[in-house]
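# Observations on the three-dimensional arrangement
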Amino acid sequence: MSTTPPPSFFHLAFHVTDLDVAERFYVDVLGAVPGRRSATWVDVSWLGHQLSMHLGEPMATANTGRVGDHAVPMPHFGLVLDMPTWTQMRDRLQSHGVAMVIEPHLRFAGEPGEQATLFFRDPFGNPIEIKGFADWAGVTAH
């Protein structure tokens, strides 16, 4: 394994109310790799991206984002994956019994930006979207 970092990766810090529950969910359910930890925060690497979960009140959200036929939770964060990896993540979530806010489905079928998507919440209510693209050009297609 190379110790050379990728050209860039994303860092997101957000609130949770229990560090042990957060670490178990992100590592055991989502497949993240545990990182550093203190009395007030825990880091994980989720497919190469650094998530820092700090003790505090989770973000307030509402289903105010309109995408296709769905009102999606806003704000939210997530991953953009190739289709085989999206399918693996969908199957992983389902095998762990993660409740979906928006069930897995294909959005914009046959159009630029065609994508598979699903939404769920972590144990603290933080909304997460996982998108899958068969064509990387579709990520920014318009």
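Presented here is an overview of the structure given in this document. Remember, it's a predicted structure, so these values are computed and weren't measured experimentally.

Scoring rules and cut-offs
- Residues numbered from 1 in each chain as written.
- Predicted model: local features only at pLDDT ≥ 70, side-chain atom pairs only at ≥ 80, totals over all residues.
- Heavy atoms only, no water.
- Helix = DSSP H or I, 4+ residues; strand = E, 2+ residues; numbered from the N terminus.
- Rg over C-alpha atoms; globule rule 2.2 N^0.38 Å.
- Buried < 20%, exposed > 50% of the residue type's maximum accessible area, 1.4 Å probe, protein only.
- Contact = heavy atoms within 4.5 Å.
- Areas by Shrake-Rupley, 256 points an atom, 1.4 Å probe, with all protein chains shown as cover.
- Lys, Arg positive; Asp, Glu negative; His and termini not counted.
- Charge placed at Lys NZ, Arg CZ, Asp CG, Glu CD.
- Pairing = 2+ DSSP bridges.
- Axes fitted to C-alpha atoms, helices over the stretch in contact; angles between N-to-C directions.
- 1 Å grid on protein atoms, 1.4 Å probe; cavity = no way out; pocket = protein on both sides within 12 Å on 5 of 7 lines; lining within 4 Å.
- Points joined across faces, edges and corners; volume = space filled by probe spheres on them.
- Nonpolar A, V, L, I, M, F, W, Y, C, P; charged D, E, K, R; others polar.
- Patch = residues over 30% accessible without salt bridge, like charges linked within 9 Å, V, L, I, M, F, W, Y side chains within 5 Å.
- Salt bridge = Lys/Arg side-chain N within 4 Å of Asp/Glu carboxyl O.

### Points about the overall build of the chain
- Helix and strand counts for the chain come out as two helices and 10 strands.
- Whereas a compact globule of 142 residues would reach a radius of gyration of roughly 14 Å, the chain reaches 16 Å, a difference of no more than 12%.
- Projecting the C-alpha coordinates of the chain onto the three principal axes gives extents of approximately 50 × 40 × 30 Å.
- Looking at the chain as a whole, 35% of its 142 residues are labelled buried.
- In the chain, 54% of the contacts between residues at least 6 apart in sequence involve partners at least 24 apart.
- Total accessible area computed for the chain in this model is approximately 8000 Å², and 56% of it derives from carbon and sulfur atoms.
- Considering the chain, the positive charge centre built from 9 side chains and the negative charge centre built from 15 side chains are found 3 Å apart.

### Focus on the sheet that holds strand β9 (residues 115-121)
- Read across the open sheet, the four strands follow the order β7-β10-β9-β8; overall the sheet is mixed. Of all strands in the sheet, those bounded by a partner on one side alone are β7 (77-82) and β8 (100-107). Taken pair by pair, the neighbouring strands of this sheet meet at an average axis angle of 10°, ignoring direction.
- Sheet topology note: the β9/strand β10 (residues 127-133) ladder contains six bridges and is antiparallel.

### Looking at the layout of surface pockets
- By volume, the second largest pocket is sized at about 180 Å³.
- Residue lining of the second largest pocket: Leu 30, Gly 31, Val 33, Ser 45, Trp 46, Leu 47, Gly 48, Thr 85, Gln 88, Met 89 and Arg 92, and that is the complete set.
- Going through the elements one at a time, β3 (41-46) and α2 (83-95) are the ones with two or more residues in the lining of the second largest pocket.
- Here the lining of the second largest pocket is built from residues that sort into five nonpolar, five polar and one charged.

### Some words on the sheet that holds strand β1 (residues 11-16)
- What the four strands build is an open sheet, ordered β1-β4-β3-β2; its pairing is mixed. Looking at the sheet topology across the chains shown, the edges are occupied by β1 and β2 (33-37). If you compare each strand with its neighbour and ignore which way they point, the axes differ by 25° on average.
- Relative to β3, β2 is paired through three bridges, and the arrangement is antiparallel. Residue pairing for β3: Arg 37 is matched across the bridge by Val 42.
- Here helix α1 (residues 19-29) sits on the sheet and contacts β1, β2, β3 and β4 (49-55); the angle it forms with β2, its principal contact strand, is near 155°.

### As for a nonpolar patch on the surface
- A contiguous nonpolar surface patch, about 280 Å² in accessible area, is contributed by Val 80, Trp 136 and Val 139.
- Structurally, the position occupied by Val 139 is in the segment after β10.

### Looking at the pattern of salt bridges
- Applying the stated rule across the entire model yields five salt bridges.
- Among the ionic pairs, Arg 36 bridges to Asp 43, the shortest N-O distance being 3.4 Å.
- Judged by its relative accessible area of 5%, Asp 43 falls in the buried class.
- Linking Asp 91 and Arg 90 is a salt bridge whose minimum nitrogen-to-oxygen distance equals 2.9 Å.
- Using a relative accessible area of 37% as the deciding quantity, one classes Asp 91 as partly exposed.
- Among the charged side chains, a salt-bridge network with shared partners connects Asp 20, Glu 23 and Arg 37.

So yeah, pure geometry; function would need other evidence.
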